[in-house]
Amino acid sequence: MSIKNSSLGETNLDVFAKTLMDLADHDRNILVTTSDSRGSGKITPFAEKFPEQIVEIGIAEQNLVGISAGLAAMGKKVFTVSPACFLTARALEQIKNDVAYSDHPVKVIGISAGVSYGALGTTHHSLHDFAALQAINNIDIVAPADNFETRKIIQLAVNHPRPIYIRFGKKAMPNLHDPSKKIEIGKAIQLTPKHKNYDLTFVAIGETVAEAFLASQKLDKEGIKVCCLSLHTLRPFDEAAIQEVVSNSLAVITVEEHSVNGGLGSRVASFLMQNDIFRPMLIVGIPDDHTVNGNQGEIFRHYGIDQQSLYLSALKLLHKGKRNDD
Amino acid sequence: MSLDLQFLSHQIEYKLERKSIEYRKSIIKLIYMSKAGHTGGSLSCVDILNVLYNQVMNITPNNVSAIDRDHYIHSKGHSVEALYAVLMDLGFFSEDKMSTFEKYNSPFIGHPTRNVPGIEQNTGALGHGLSFSVGMALAAKMDRRNNKIFTIMGDGELTEGSIWEASASAAHYHLDNLVAIIDRNNLQITGKTEKVMNMEPLHEKFLAYGYAVRHVDGNDIGELISIFREIPFESGKPNLVIAHTIKGKGISFMEDNVAWHHRVPTDSEFLTAMQELEQAELSLECQ
Ligand SMILES: Cc1ncc(C[n+]2csc(CCOP(=O)(O)OP(=O)(O)O)c2C)c(N)n1
Ligand SMILES: [Mg+2]
């Protein structure tokens, strides 16, 4: 197994912007709303090609989300594009009340998510968005791993009947998938060959999937059977996939570019515990800490979210699991 | 003004104008070396910071714990390079610290944080500085202190609703110890502020909210010194200064050019920029 086409793709952000251009060509009801964020969202070409399909709100994220909900209520297919940090903190109440609670299917697009903004610091990081939105009813939560997932999910989002939050970063991502694959919102994708049993399962989301996948390949070379799941959708949560693979694994590691509190890891743990699936488990993400300063790669390494650390953590966890069995 | 005083104020202006050039060099060097930063907005507001820290506010590395000193909040946090340049000159930290800017594990990140000596509040998300400053000004009033609270906001930042909420509070509590300054450079990331979202007439809006409003050339040291001397502009009203500035001020090809919001100079642009600043220094000396 190797990364398909073993190629480095574009940034998910670029793929998002291009996909939206293609879609808008056929659907004049598609609107983009921005908060002085078209440059960061790579939406400038869109704005030039479809000047009638973009609404600029200025640096006013609360207003941005409120207006987007109103536009959606009138039948517009609104993609609200702004940095994930501001959208899901500053405008959280608008997301909760005007979008989710009132059930207007706005597509809330959080760009430069997680720690993509690196050394711009905590104001610009979104390590709380999964937690905040998971505690709010009626908004789906998606973080595509690579260009393929991004393209497909944006295509599916256009006519998605519910509010949806999609977040991604701005780093070029390796291609992880065979482009002929099917993808559904709410269905995890297994990146590694299927087996009956696994030594270890990685459940990862967003840009950490590539790191988990590379760690899986390394472990595979050492004869360790690994299942690597790209759980691009946190809600609806794919219970069936998690149940199936974790039940057949000795241990599980979750990986996310998010706080270890309230994100993917705690969601998986809560599901497993309540369904009597008890396995040695590690939740990898950003700990409850003043996030270290650095670029995204440095922050990943600092907190063990990079492939090498994941590889080592896997060995350690398996060793611990074995000892417990003795 | 007597001749002596006039001579003295010319001396002060000259000294600060030299400092502004030095600060601009620090800003350009910092952004060039670290390959990151907000160039245009740092260059537009640096003269204001210069006058505030060197002439108006009583904030020094030695009085940080004094309860009656002034306070400064950098609401347009992305222009942190300007603040670093001034704080470094005042001796809050040494120049070698700047080599860690935006590096792994450094406290000198791309926005102001309290991990850096001299910085009082973590900013970077726009539209927070004014509310925070209102809180500080209110506390100073409660304790009957005479210190003042200063904050600089961007003109694009003014679309954040929180600024208008804070403005209502500032007037309601008669905070004439609050000095809110708008870096009116007419640009934000996407383009001209009035094209992105028209906020004019700003003067009338601020007046209606209850501020005492003044205008100043925000890149003119002399004018800045004079305007801040008049604080409080009107007793019982918060002070608002619309500082008309040029984004990218001081480097010909960066001036009023939207591309320089957060562009990093290439090698040759860096050299040209530094040459222009050397030239400005020479012409200043010849005056
Ligand atoms: C809440 C929030 N939204 C968006 C941003 C991203 N951002 C950083 S600078 C900027 C433009 C600011 O323009 P302006 O206030 O005019 O500043 P200046 O021209 O002085 O650089 C934007 C949108 C932010 N930092 N905070
Ligand atoms: Mg501006």
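Residues take numbers from 1 onward in each chain, read along the sequence in its written order. For naming, the first written chain is A and the first written ligand is 1, with later ones following in the order written. With the structure being a predicted model, the display of local features is reserved for residues of pLDDT at least 70 and the display and counting of side-chain atom pairs for 80 or more, all residues being used for whole-chain, interface and lining totals. Excluding hydrogens and water, the side-chain values take into account all heavy atoms of the structure.

Participant: Sorry, what's going on with the overall build of chain B here?
Facilitator: Strands here mean DSSP runs of E at least two residues long; helices mean DSSP runs of H or I at least four residues long; both are numbered from the N terminus. Scanning chain B for helices and strands turns up nine helices and five strands. Mapped in sequence order, the helices and strands of chain B form the string α-α-β-α-α-β-α-β-α-α-β-α-β-α. Against the compact-globule benchmark of 19 Å for 287 residues, chain B has a radius of gyration of 18 Å, which places it among compact chains. Taken over the C-alpha atoms alone, chain B extends approximately 50 × 50 × 40 Å along its principal axes. Accessible area is worked out with a 1.4 Å probe on protein chains only. A residue is then buried under 20% of its type maximum, exposed over 50%, and partly exposed in between. For chain B, buried positions account for 55% of its 287 residues. Whether two residues are in contact is decided by their heavy atoms: any pair within 4.5 Å suffices. In chain B, of all internal contacts separated by at least 6 residues, the share reaching a separation of at least 24 is 75%. Of the roughly 12100 Å² of accessible surface on chain B, a fraction of 53% belongs to carbon and sulfur atoms. A distance of 3 Å separates the average location of the 26 positive side-chain charges in chain B from that of its 36 negative side-chain charges. The atom set for the radius of gyration is the C-alpha atoms, and the globule formula is 2.2 Å times the number of residues raised to the power 0.38. Here the accessible surface of atoms and residues is derived via Shrake-Rupley with a 1.4 Å probe, and residues count as covered only by protein chains that are part of the display. A positive count includes Lys and Arg, and a negative count includes Asp and Glu. His and the chain ends are not counted in either. Where a charge lies is defined by one atom per residue type, namely NZ (Lys), CZ (Arg), CG (Asp) and CD (Glu).

Participant: Is there a simple way to think about the overall build of chain A in this case?
Facilitator: For chain A, the count of helices and strands is twelve helices and 14 strands. A compact globule built from 326 residues would reach a C-alpha radius of gyration of about 20 Å, and chain A, at 19 Å, matches this within 12%. Each of the three principal axes of chain A carries a C-alpha extent, and together these read 65 × 35 × 35 Å. When contacts within chain A are restricted to residue pairs at least 6 apart in sequence, those whose partners lie at least 24 apart make up 78%.

Participant: Please explain the packing of aromatic side chains as it appears in this structure.
Facilitator: Pairing of aromatic rings covers Phe, Tyr and Trp, the last through its six-membered ring, and needs centres within 6.5 Å; plane angles under 30 degrees mean stacked, over 60 mean edge-to-face, and all others mean tilted. Within this structure, the stated rule accounts for 14 aromatic pairs over all chains. Ring plane angle 80 degrees and centroid distance 6.3 Å describe the contact between B:Tyr84 and B:Phe93, whose orientation is recorded as edge-to-face. Judged by relative accessible area, which is 0%, B:Tyr84 ranks as buried. On the basis of an interplanar angle of 80 degrees and a centroid distance of 5.5 Å, the ring pair of B:Phe206 and B:Tyr211 is categorised as edge-to-face. Since its relative accessible area comes to 1%, B:Tyr211 is described here as buried. Here, a charge over a ring is recorded when the distance from Lys NZ or Arg CZ to the ring centre is within 6 Å and its angle to the ring normal is within 35 degrees. The cationic tip of A:Lys218 hangs over the ring face of A:Tyr311; the distance from NZ or CZ to the ring centre is 5.1 Å.

Participant: In this structure, what is going on with the pairing of strand 11 (residues 226-230) of chain A? I would like to understand it.
Facilitator: In summary, the side chains of a regular strand alternate between the two faces of the sheet. All names here are of chain A. Of all five residues in strand 11, five are buried, a share of seventy percent or more. A two-sided burial pattern is seen for strand 11, the buried positions comprising Val-226, Cys-228 and Ser-230 on one face and Cys-227 and Leu-229 on the other. Pairing analysis gives two bridges linking strand 9 (residues 189-190) to strand 11, with the strands arranged antiparallel. Bridging from a neighbouring strand, Ile-189 pairs with Ser-230 of strand 11. Sheet topology note: the strand 10 (residues 198-204)/strand 11 ladder contains five bridges and is parallel. Residue pairing across strands places Val-203 opposite Leu-229, the latter belonging to strand 11. Note that the unit made of strand 10, helix 8 (residues 208-221) and strand 11 has a crossover that is right-handed. DSSP-based pairing: two strands are paired if at least 2 bridges between them are found. A right-handed crossover is one whose linking path, passing over the helix from the first strand to the second, runs clockwise when the strands point away from the viewer.

Participant: Help me out: how do you make sense of unusual backbone geometry in this one?
Facilitator: Across the chain, the bulk of peptide bonds are trans and the bulk of non-glycine residues have phi less than zero. Going from A:Arg235 to A:Pro236, the amide bond is cis rather than trans, its omega being -5 degrees. Inspection of the secondary structure puts A:Pro236 in the loop between strand 12 (233-235) and helix 9 (239-247). The omega angle of the peptide bond from B:Glu200 to B:Pro201 is 5 degrees, so this bond is cis rather than trans. By secondary structure assignment, the location of B:Pro201 is in the loop between helix 6 (193-196) and helix 7 (202-209).

Participant: Please explain the pairing of strand 2 (residues 149-154) of chain B as it appears in this structure.
Facilitator: All names here are of chain B. Here strand 2 lies mainly inside the structure; six of its six residues are buried. Sheet analysis places strand 1 (residues 71-74) next to strand 2, joined by four bridges and oriented parallel. Each residue of the ladder has a partner; that of His-71, found in strand 2, is Ile-149. Pairing between strand 2 and strand 3 (residues 178-184): six bridges, direction parallel. Bridge assignment links Phe-150 to a residue of strand 3, and that residue is Val-179. The β-α-β motif built from strand 2, the intervening helix 5 (residues 161-172) and the parallel element strand 3 has right-handed crossover chirality.

Participant: Can you help me understand the pattern of salt bridges in this one?
Facilitator: Two side chains with opposite charge may pair up if their charged atoms get near one another. Here, a salt bridge means any side-chain nitrogen of Lys or Arg that lies within 4 Å of a carboxyl oxygen of Asp or Glu. Inspection of every chain in the model, using the stated rule, returns 28 salt bridges over all chains. A salt bridge links A:Lys77 to A:Asp27; its shortest N-O distance comes to 2.7 Å. Highlighted residues: A:Lys77 in strand 4 (residues 77-83) and A:Asp27 in the loop between helix 1 (12-26) and strand 2 (30-34), separated in sequence by 50 residues. Each of the two residues, A:Lys77 as well as A:Asp27, counts as buried. Residue B:Glu234 is joined to B:Arg214 by a salt bridge in which the shortest nitrogen-to-oxygen separation is 4.0 Å. One end of the pair, B:Glu234, is in the loop between helix 8 (221-229) and strand 5 (239-244); the other, B:Arg214, is in strand 4 (residues 212-217), and 20 residues separate them in sequence. B:Glu234 sits in the partly exposed class, given a relative accessible area of 30%. Exposure remark for B:Arg214: the relative accessible area of 23% places this residue in the partly exposed category. Look at the salt bridges and you will find they share partners, linking B:Arg18, B:Glu22, B:Lys25, B:Glu278, B:Glu281 and B:Glu285 into a network.

These results come straight from atomic positions and should not be treated as a statement about function.
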